[in-house]
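# Breakdown of the fold
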Amino acid sequence: MMYNFKKSSIVFFCLLMIVLPIDLQVVEAEEQDVVENVILMIPDGFSTSYVTSYRIFKGEELVFDPFLIGMMKTNSANSWVTDSAAAATAMSTGVKTNNKMIGVTPDGQILKTILEGAKESGRSTGLVTTVSITDATPAAFGAHVISRKDQTEIAKQLITKVDVLLGGGKCHFLSKTSHNDEQANTLEVAKASGYYYLETRDQLLNLSGSEEKVLGLFAEAELTPVIDKRTKEQPSLEEMTTAAIQSLHTNDKGFFLMIEGGQIDRAGHVHDPVWAMNETKAFEEAVEKVLDFAKENGKTLVVIAGDHDTGGMSVSGYDEYVANVELLKEAKATGNYIASKLNYKRRNAANIIKEYTGIKLTKKEAKQIKKAKKKEVAIAINHMISKRAYIGWTTHVHSGTNVPIYAFGPRSNLFSGNLDNTDIPKKIAEVMGVQISDK
């Protein structure tokens, strides 16, 4: 028996030595396959508190919950608390810069972005957002300026390298591209260079899919918050996402697409939990479309990561072990919209807030709204709603907390662990086989 056992063990070991290297070679080859398409989704201002609050709001697991793979550090070059410009620059170039700077180093040197690297490889490129397409996050993937405020220049640069641009920001395309009055504005230049131009949801939905270059500007500045929309003139993030993929997927070499849920951040700045939850819902609907495409395509990597936290939201607050986020489902508008419906002396505050939120104000609260400064009325309303939902806030700007990373598709395992925001484009460049800045 001892002899037979030893003999069997030797035979098994020899077979293992023969088979194992072959299997390892196969796995290694699979891991080195170049990914054809990458879709990077950025829910602006989105941290774990937003995730938890939205899960309670929704009442079930999120579409992207199964793909949680890591966390991401968000600091900029000059601050532990980043702004969107520096955060997006890190996520697009792999290099940290100072707050307010776009696509350049702190000393102003131009950085190559992952979108530009994808373009050089022959892939198509796209940017989609619910705010202005020239705003900090999309801008950092296709423009290089010292100040994020230079949105006319950003528009000019975007149309030279991005095939599909969908969002708001029409006003920044109508300014002249130079101080020469005879010079055409950026929108005219875009049309002349072959962009199919869109202004309405119907135009977007009627795209044939064969348009290689598309410029959709659906608002002068930002799109209307989803919960405030009273018409169907503007497309949803889900609809813009579907159209972008449809157009970009015609390129056999693949594509790079960045999709931003930009108004989650806007909600956080003014402490509006209703706005935040509904924009997160709209973002999740876009994620679902992206995952459907990626699962069917098989050659698409999807990465989802917020650029930073906004507002310092907490789940529970006010010194109680309570969360009541479900209450937000009853609301029908943002705090800004509700504030716009108040009359001159705000005597209708109690009725309007009851109509749009289902909340019955106390006399003290109604008095607080009447006395609030004009610019602070919406925030006062938001705080009253937040308190009833037991959602706390710590700041009207950003916080420096880490944010979650989700990934799906080939090579998604590379995004595990506690990464820096500069790691995101480096790993995407690796899987796409393209070059970005090496600074």
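Residues numbered from 1 in each chain as written. Predicted model: local features only at pLDDT ≥ 70, side-chain atom pairs only at ≥ 80, totals over all residues. Heavy atoms only, no water.

### Here we look at helix H15 (residues 363–371)
Keep this limit in mind: Any residue under 20% of the maximum accessible area for its type is buried, any over 50% is exposed, and the rest in between are partly exposed; the area is computed with a 1.4 Å probe on protein chains only. In this description a helix means any DSSP run of H or I spanning at least four residues, a strand means any run of E spanning at least two, and both kinds are numbered starting from the N terminus. Regarding the arc, it is the one traced by the directions from the helix axis to the C-beta atoms. Contacts: residue pairs with any heavy atoms within 4.5 Å of one another.
For H15, the full list of buried residues reads Glu-365, Ala-366 and Ile-369. One side of H15 holds all its buried residues, which, seen down the axis, span an arc of 100 degrees. For H15, the exposed residues set more than 90 degrees away from the buried face come down to Lys-363, Lys-364, Lys-367 and Lys-371. On its buried side, H15 packs onto helix H14 (349–357) and helix H16 (377–389).

### Considerations on the environment of Ala-192
Residue placement: Ala-192 occurs in helix H8 (residues 186–192). Residue Ala-192 is classed as exposed on the basis of its relative accessible area of 72%. Residues Ala-192 and Pro-425 lie 233 residues apart in sequence; the distance between their C-alpha atoms is 32 Å.

### Quick look at the packing of helix H2 (residues 48–58) against helix H12 (residues 273–297)
Rules: Axes here refer to lines fitted to C-alpha atoms; in helices the fit is confined to the stretch in contact. Angles between the N-to-C directions go from 0 to 180 degrees. An angle below 35 degrees is treated as roughly parallel, one above 145 as roughly antiparallel, one from 65 to 115 as roughly perpendicular, and anything else as oblique.
It is at 10 Å that the axes of H2 and H12 come closest, and there the two elements cross at 85 degrees. Taken together, the axes of H2 and H12 are roughly perpendicular relative to one another. Here Tyr-50, Ser-53, Tyr-54, Phe-57 and Lys-58 of H2 come into contact with H12, specifically with Ala-276, Met-277, Asn-278, Thr-280, Lys-281 and Glu-284.

### Details of the nonpolar core
Convention followed: We define the nonpolar core as a collection of buried residues of types Ala, Val, Leu, Ile, Met, Phe, Trp, Tyr and Cys that are connected through side-chain atoms lying within 4.5 Å of one another.
Within the largest apolar cluster, 73 residues are counted, with the highest numbers of intra-cluster contacts made by Ile-39, Met-41, Leu-166, Leu-257, Leu-328, Ile-369 and Ile-381. At 11 residues, the largest contribution of residues to this core is made by H12. Ignoring sequence-local partners within four residues, the contact set of Ile-381 consists of Gly-335, Ile-338, Ala-339, Leu-342, Ile-353 and Ile-369. Grouped together as the second largest cluster of nonpolar side chains are 50 residues, Ile-114, Ala-136, Ala-140 and Tyr-197 included.

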